[in-house]
Amino acid sequence: MARDVAPIFADIDGMDADKFTSHLTPDVRFRFANMDPAIGHAAVKEGVEGFWTTIAGLTHHILKVYEIGDTVIAQIDVEYRRLDGKTVTVPNCDVLIFDGDKVRDWQIYIDLAPVFA
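As the structure is a computational prediction, the values presented were derived from the model and not from experiment.

Definitions and limits used
- Residues numbered from 1 in each chain as written.
- Predicted model: local features only at pLDDT ≥ 70, side-chain atom pairs only at ≥ 80, totals over all residues.
- Heavy atoms only, no water.
- Buried < 20%, exposed > 50% of the residue type's maximum accessible area, 1.4 Å probe, protein only.
- Helix = DSSP H or I, 4+ residues; strand = E, 2+ residues; numbered from the N terminus.
- Contact = heavy atoms within 4.5 Å.
- Pairing = 2+ DSSP bridges.
- Axes fitted to C-alpha atoms, helices over the stretch in contact; angles between N-to-C directions.
- 1 Å grid on protein atoms, 1.4 Å probe; cavity = no way out; pocket = protein on both sides within 12 Å on 5 of 7 lines; lining within 4 Å.
- Points joined across faces, edges and corners; volume = space filled by probe spheres on them.
- Nonpolar A, V, L, I, M, F, W, Y, C, P; charged D, E, K, R; others polar.
- Core = buried A, V, L, I, M, F, W, Y, C linked by side-chain atoms within 4.5 Å.

(A) Focus on helix 1 (residues 6–13). Residues Ile8, Phe9, Asp11, Ile12 and Asp13 constitute the buried set of helix 1. Looking at the buried side of helix 1, the elements it contacts are helix 2 (17–21), helix 3 (41–52), strand 3 (57–68), strand 4 (71–81), strand 5 (87–99) and strand 6 (102–110). Met15 occupies a position one or two residues after helix 1 and carries a positive phi of about 55°.

The structure is reproduced here in structure tokens:
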């Protein structure tokens, strides 16, 4: 069965941490870029809400999605709206491991340097 990850990324783009964490298992392991992994809903919510204070907004442009068993690999261009009004788009790759219909492990490979340059 092919998983549709677009709604998950839409909830990130909406910057709604509760909607976003509803896609995750309670014991999720979530690692964003080179930050330490966040474990569980509360830690993920705290992490993403903290990051969102550093940007004006974001949009995920999903380019390709590959699915192998419970693992989904998404190739994405992420468009960030910076607090200074400028926009920068950076490539990223997400690896999501599902447990049923929820993500239990999520690794985001991205270079955030252009967002804060």
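Back to the write-up after that little detour.
(B) Looking closely at the sheet that holds strand 2 (residues 38–39). One open sheet holds the 6 strands; their spatial order is 2-1-6-5-4-3, and the pairing between them is mixed. Here the strands that pair on one side only, and so sit at the sheet edges, are strand 2 and strand 3. Sheet topology note: the strand 1 (residues 24–32)/strand 6 ladder contains 5 bridges and is parallel. By the bridge assignment, Phe32 is partnered in strand 6 with Ile108. Docked against the sheet, helix 3 engages strand 1, strand 2, strand 3 and strand 4, running at close to 40° with respect to strand 1.

(C) Representation of the layout of surface pockets. Space inside the largest pocket adds up to approximately 320 Å³. Secondary-structure elements contributing two or more residues to the lining of the largest pocket are helix 1, strand 1, helix 3, strand 3, strand 4, strand 5 and strand 6. Residue composition of the lining of the largest pocket, grouped by class: 17 nonpolar, 3 polar and 2 charged.

(D) Layout of the nonpolar core. Membership of the largest hydrophobic core comes to 33 residues, with the highest contact counts inside it found for Phe20, Tyr80, Trp106 and Ile110. The greatest single-element share of this core, amounting to 5 residues, is contributed by strand 4. Not counting chain neighbours up to four residues away, the residues in contact with Tyr80 comprise Phe32, Phe51, Ile55, Gly57, Leu58, Lys86, Thr87, Val88, Val90, Ile110, Leu112 and Val115.

Worth remembering: the numbers are spatial, not functional.
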